[in-house]
Amino acid sequence: MHFEKPMYAHPLPEWGCDCHVHVFGPFEQFPLASDRSYTPGPASVEKLTGLLSRLGLRRVVVVQASPQGTDNRCLVNALEHINSSQRLKARGVAVIDEKTSEAELIRLNNAGVRGVRVNLETSGQHDPEFVRHTLQWSAQKVKSLNWHIQIYTTLEVIEAVSDCLLTLPVPVVVDHFGRITASQGADQTGFQNLLKLVASGRIWVKLSAAHRISDQPDGADVRFFVEALVRAHPDRMLWGSDWPHTGAWPGQPRSPAVLERFHAIDDVGALQRISQWVEAANWIKILQTNPEQLYQFAAAP
C-alpha cells in the first residue's frame, strides 16, 4: 500500500505517534457491549495501518471505546497484530472496572496496555464525587504497573476535581483538549485552570479531535488553544487523530439500535495544521518524545 508523502511544516520524526485511535470489529469475534449508548460500524486494524501510512507515522495508541465496555479483547488483538510488524509499534489504553483482577491487568500490560480510560462524557457523568471515587480506585489498581489514567470530560469537571488530579499517584491524560469550546475563547470556565494543571507537570493533554471543539471547517479557532497549552508545558502535549471519528450527529439522538456513521475528517490536514502551529522542537516532542515517555515505547534509535 503506497500513499503520497504528506507535506508538513517540519520534517516528521522517524517514530511519530498517533496517540488516539479506536478499532472496532469484526463484531462476530469481538461483540459490542449490550449497554452501549451507540453502535459504530467496523473499523479494522488493516484500515488503521492504512491511516498510519497516510500520515507517515509508525507508532499508534489504540484506545478502548465506550461501546466496547470492559471487554478489551478487540484492543489486545489490535495490539498483537500491529506489534507483529517490524515497521509499526502500538500501545493501548484499556477500560476496566473495580472488579478487574490483577491477573487481567498483568495480561493487558503484557499485551502493550499502558493506561486506563475513564470516559465520563459519553455517559454524561459529571458528578464530582463520582469522578473522584472513580479516579482514586483506578489509580490504586494501576499504579504498580506504572500506567496512567486518561479522562474524557469537560473543563468544568476537571476544575471541580483538580485537587484530586494533582494528588493521584499516576499521571493523568486529558482527552480532546478537555472539551474546550473554541468559540468561547480563553476566558471560558475552566481553561485557565487547565493551563495551571498542565504547567504543574502532573497533567497531560491530547491535542486531538479539534473538529469536536471547533465550529470552523479548518479548525482555525483551535490554534490559540494549541499554542497556549504547548506554551504551558510542551513536554506534556500529545497528538491524536481520533480515527475513525465516532461522535454524535446534530439533531440525531444516539441509539444502540441504529448504526452511527463515522464523521469524514481529513486526518492529514489535521496533523498539517498542528505542524504549522508549533515550533520544530515542540513538533518532535508532541509526535515522538512525549509519547515515547508516557506510553513506554522503546527509545527511538
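Summarised in this report is the structure supplied together with it. Everything quoted here is computed from the prediction, not taken from an experiment.

Cut-offs and rules
- Per-chain numbering applies: the sequence of each chain, read as written, is numbered from 1 onward.
- Only residues with pLDDT of at least 70 are given local features in this predicted model, and only at 80 or more are side-chain atom pairs given and counted; all residues enter the totals for whole chains, interfaces and linings.
- Excluding hydrogens and water, the side-chain values take into account all heavy atoms of the structure.
- Buriedness for pockets is judged along seven lines, at least five of which must meet protein on both sides within 12 Å for an open set on the 1 Å grid over protein atoms alone, while cavities are sets there where a 1.4 Å probe fits but cannot get out, and lining residues have an atom within 4 Å of a point.
- Grid points are joined across faces, edges and corners, and a volume is the space filled by probe spheres set on the points.
- Three classes are used: nonpolar for Ala, Val, Leu, Ile, Met, Phe, Trp, Tyr, Cys and Pro, charged for Asp, Glu, Lys and Arg, and polar for all others, with Gly counted as polar.
- Axis geometry follows a simple rule: fit a line to the C-alpha atoms, using only the stretch in contact for helices, then measure angles between N-to-C directions, giving values from 0 to 180 degrees.
- Helix and strand definitions follow DSSP, with helices as H or I runs of at least four residues and strands as E runs of at least two, each counted in order from the N terminus.
- Here the angle decides the label: under 35 degrees means roughly parallel, over 145 means roughly antiparallel, 65 to 115 means roughly perpendicular, and every other value means oblique.
- Handedness of each helix crossing follows the sense of rotation of the near helix against the far helix: counterclockwise by less than a right angle gives left-handed, clockwise gives right-handed.
- Contacts are assigned to residue pairs with any non-hydrogen atoms lying within 4.5 Å of each other.
- Salt bridges are defined by distance alone: a side-chain nitrogen of Lys or Arg within 4 Å of a carboxyl oxygen of Asp or Glu.
- Think of it in three bands: with a 1.4 Å probe and only protein chains considered, a residue is buried below 20% of the maximum accessible area for its type, exposed above 50%, and partly exposed in between.
- Here a pair means two rings of Phe, Tyr or Trp (six-membered ring of Trp) with centres within 6.5 Å. Their orientation is stacked below 30 degrees between planes, edge-to-face above 60, and tilted elsewhere.
- Geometrically, a lysine NZ or arginine CZ counts as sitting over a ring once it is within 6 Å of the ring centre and also within 35 degrees of the ring normal.

Another aspect to go through is empty space enclosed by the protein. Summed over the entire model, instances satisfying the criterion amount to one cavity of 30 Å³ or more. Computed from the structure, the largest cavity encloses a volume of approximately 50 Å³. As for the largest cavity, its lining consists of Phe30, Pro31, Leu32, Gln68, Asp71 and Cys74. By residue class, the composition of the lining of the largest cavity is four nonpolar, one polar and one charged.

Quick look at the packing of helix 1 (residues 45-55) against helix 9 (residues 267-277) now. When two helices pack together, their arrangement is given by the angle between the helix axes and by the axis-to-axis distance. One way to put it is that helix 1 packs onto helix 9 with a least axis distance of 9 Å and a crossing angle of 40°. Taken together, the axes of helix 1 and helix 9 are oblique relative to one another. Like other packed secondary-structure pairs, helix 1 and helix 9 cross with a definite hand, here right-handed. Within the contact between the two elements, helix 1 uses Leu51, Arg54 and Leu55 and helix 9 uses Asp267, Val268 and Leu271. Here the contact of helix 1 with helix 9 is composed, by residue class, of four nonpolar, no polar and two charged.

What the rule picks out here adds up to 11 salt bridges. Note that Asp71 is salt-bridged to Arg73, the shortest N-O span being 2.8 Å. As a salt-bridge pair, Arg212 and Asp242 come within 2.9 Å of each other at their nearest N and O atoms. Of this pair, Arg212 sits in the loop between strand 8 (203-208) and helix 8 (223-232) while Asp242 sits in the loop between strand 9 (237-240) and strand 10 (259-260), and the two are 30 residues apart along the sequence. Take Arg212: its relative accessible area is 24%, and that puts it in the partly exposed class.

Across all of its chains, the model carries six aromatic pairs by this definition. Taken together, a centroid distance of 6.3 Å and an interplanar angle of 50° make the contact between Phe191 and Phe224 tilted. Residue Phe191 is found in helix 7 (residues 191-199), and its partner Phe224 is found in helix 8; the two are separated by 33 residues along the sequence. Aromatic ring contacts, followed pair by pair, group Phe191, Phe224 and Phe225 into a single cluster. Sitting over the face of the ring of Trp15, Arg58 holds its NZ or CZ atom 3.8 Å from the ring centroid.

Listed as buried for helix 8 are Phe225, Val226, Ala228, Leu229 and Val230. Contacts from the buried residues of helix 8 go to helix 7, strand 8, strand 9, helix 9 and helix 10 (280-294).

Each pocket or cavity is described by its volume, and for the largest pocket that value is around 610 Å³. Taken together, 26 residues form the lining of the largest pocket, with Thr70, Val95, Ile96, Asn119 and Ser123 sitting closest to its centre. Taken together, the elements giving at least two residues each to the lining of the largest pocket come down to strand 5 (113-119) and helix 4 (128-142). Sorting elements by how many residues they give to the lining of the largest pocket places helix 4 first, with five residues. Residue composition of the lining of the largest pocket, by class: 10 nonpolar, 12 polar and four charged. Approximately 410 Å³ is the volume attributed to the second largest pocket. Contributing to the lining of the second largest pocket are 21 residues, with Tyr152, Arg212, Thr246, Gly247 and Ala248 lying nearest its centre. Classifying every residue of the lining of the second largest pocket by side-chain character gives six nonpolar, nine polar and six charged.

So, to be careful, I would describe these as geometric facts and stop short of saying anything about function.
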